[in-house]
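Close look at the chain arrangement
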Amino acid sequence: MPQSNALLRDVDAHAEPQAAQPQAFELRPLPGPLGAEIIGLDLSRELTREDFSRIHQAHLDHHLLVFRDQRITPRQHIDFSRRFGPLMIHVLHQFHLPGHPEILTVSNIIENGKPVGLGDAGKYWHSDISYKALPSLGSLLHAQELPSEGGDTLFANMHLAYDTLPEALRNAIEGRRAVHSYLAKYGQLQKEGNWRPNLSAQQVAQVQEVSHPVVRTHPENGRRALFVSEGFTTRIEGLPQDESDALLAELYAHSVRPEHVYRHHWREHDLVFWDNRSLIHLAGGTPDHLRRKLYRTTIEGDAPF
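This one's a predicted model, so the numbers in the text were calculated from it and none came from an experiment.

All right, on to the sheet that holds strand β9 (residues 153-157) then. Read across the open sheet, the 3 strands follow the order β15-β9-β17; overall the sheet is antiparallel. Where the open sheet ends on each side, the last strands, each with one partner, are β15 (261-264) and β17 (279-283). Strand-to-strand twist of the sheet, defined as the mean angle between neighbouring strand axes without regard to direction, takes the value 20°. Looking at chain direction, β9 and β17 are connected through 5 bridges and run antiparallel. Bridge pairing in β17 places F155 opposite H281.

Looking now at the packing of aromatic side chains. As enumerated under the stated definition, the model contains 10 aromatic pairs in all. When the ring of F80 is compared with that of F84, the centres are 5.5 Å apart and the planes differ by 85°; the resulting orientation is edge-to-face. A residue is classified by how much of its surface remains accessible, and F84, at 4% relative accessible area, is buried. Over the ring of F52 we find R83; its NZ or CZ atom is 4.4 Å from the centre of that ring.

This part covers helix α3 (residues 74-82). Within the sequence span of α3, burial applies to H77, I78, F80 and S81. All buried residues of α3 lie within an arc of 165° about the axis, which places them on one face of the element.

Criteria and thresholds
Going along each chain's sequence as written, the residues are numbered from 1 onward. With pLDDT at 70 or above as the cut-off, local features in this predicted model cover only qualifying residues; side-chain atom pairs require 80 or more to be listed or tallied, and sums for whole chains, interfaces and linings still use all residues. The side-chain numbers reported here are obtained from all heavy atoms of the structure, hydrogens and water having been left aside. At least two DSSP bridges between two strands are required for those strands to pair. Elements are defined by DSSP. Helices are runs of H or I of four residues or more, strands are runs of E of two residues or more, and each kind is numbered from the N terminus. Whenever a helix is involved, its axis is fitted only over the stretch in contact; in every case the axis is a line through C-alpha atoms, and angles between N-to-C directions fall within 0 to 180 degrees. Only centres within 6.5 Å qualify two rings of Phe, Tyr or Trp (six-membered ring in Trp) as a pair; their planes then separate them into stacked at under 30 degrees, edge-to-face at over 60, and tilted for everything else. When accessible area is computed with a 1.4 Å probe and restricted to protein chains, residues below 20% of their type maximum are described as buried, those above 50% as exposed, and intermediate ones as partly exposed. Put simply, a charge is over a ring when the Lys NZ or the Arg CZ is close to the ring centre, within 6 Å, and near the line of the ring normal, within 35 degrees. The directions considered for the arc are those from the helix axis to the C-beta atoms.

Everything listed here is a matter of geometry and, on its own, says nothing about what the molecule does.
Structural data, given as structure tokens:
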């Protein structure tokens, strides 16, 4: 099985710092089709090689980890994320955290008449940055300000979605490829709200559409998963547009069946780390009058196969 970029990094990137001491933390699987929470781990401290390996394996096993009560700085957030691979810089530089371009601010807050972050992030089901030749391995989202109601994030297990496909649907997509584009919903999102700036020519050049397999094989766990989403997938190659649209609609509906979905109710200082190779996600929505702000890093992955 081909190894992922994460496993091919220079071993020095995972070297155990001299001062690091093991931490006694607990892993608790979440009820439902994916996810586990990690209790008692402090990511502001250096991790031993053994602790990091345990986290890495848990991420592969559960596809999503919730690190509770993480009072970490943006730099510590970036440093932990980078242990899994190179970080991707989001095309919307307008919403980078000042001084930390690796962090995208996700927020509905308006200050001085301008949004401080991307307020409509996750409005459609998607896998982060699937529109790149090397899509994301995973994303880490750290809660900064949470609303008193709303603000949940939903995650769907795309391994389960593939495993439970009806035979006719599975046969229809076997060997197929689909086109992913950052611009798929961009114009529509601009019409629906005031969060999305017009893109410069340089920004458009960064997000040229790409083609990926409709079904990808996870490079680390070897499992197959659907790899299409309503947010970024525009068509299945080799099919008339109407047939492509109908087939994609069936796949989307099947992917987010209730038995495939986990809904995350955020707690203060949660850091959620999910696998974009295994999951798609959706923002559940926040009332306009309530403030919500989170910081996101995104790890580069491999070319899907």
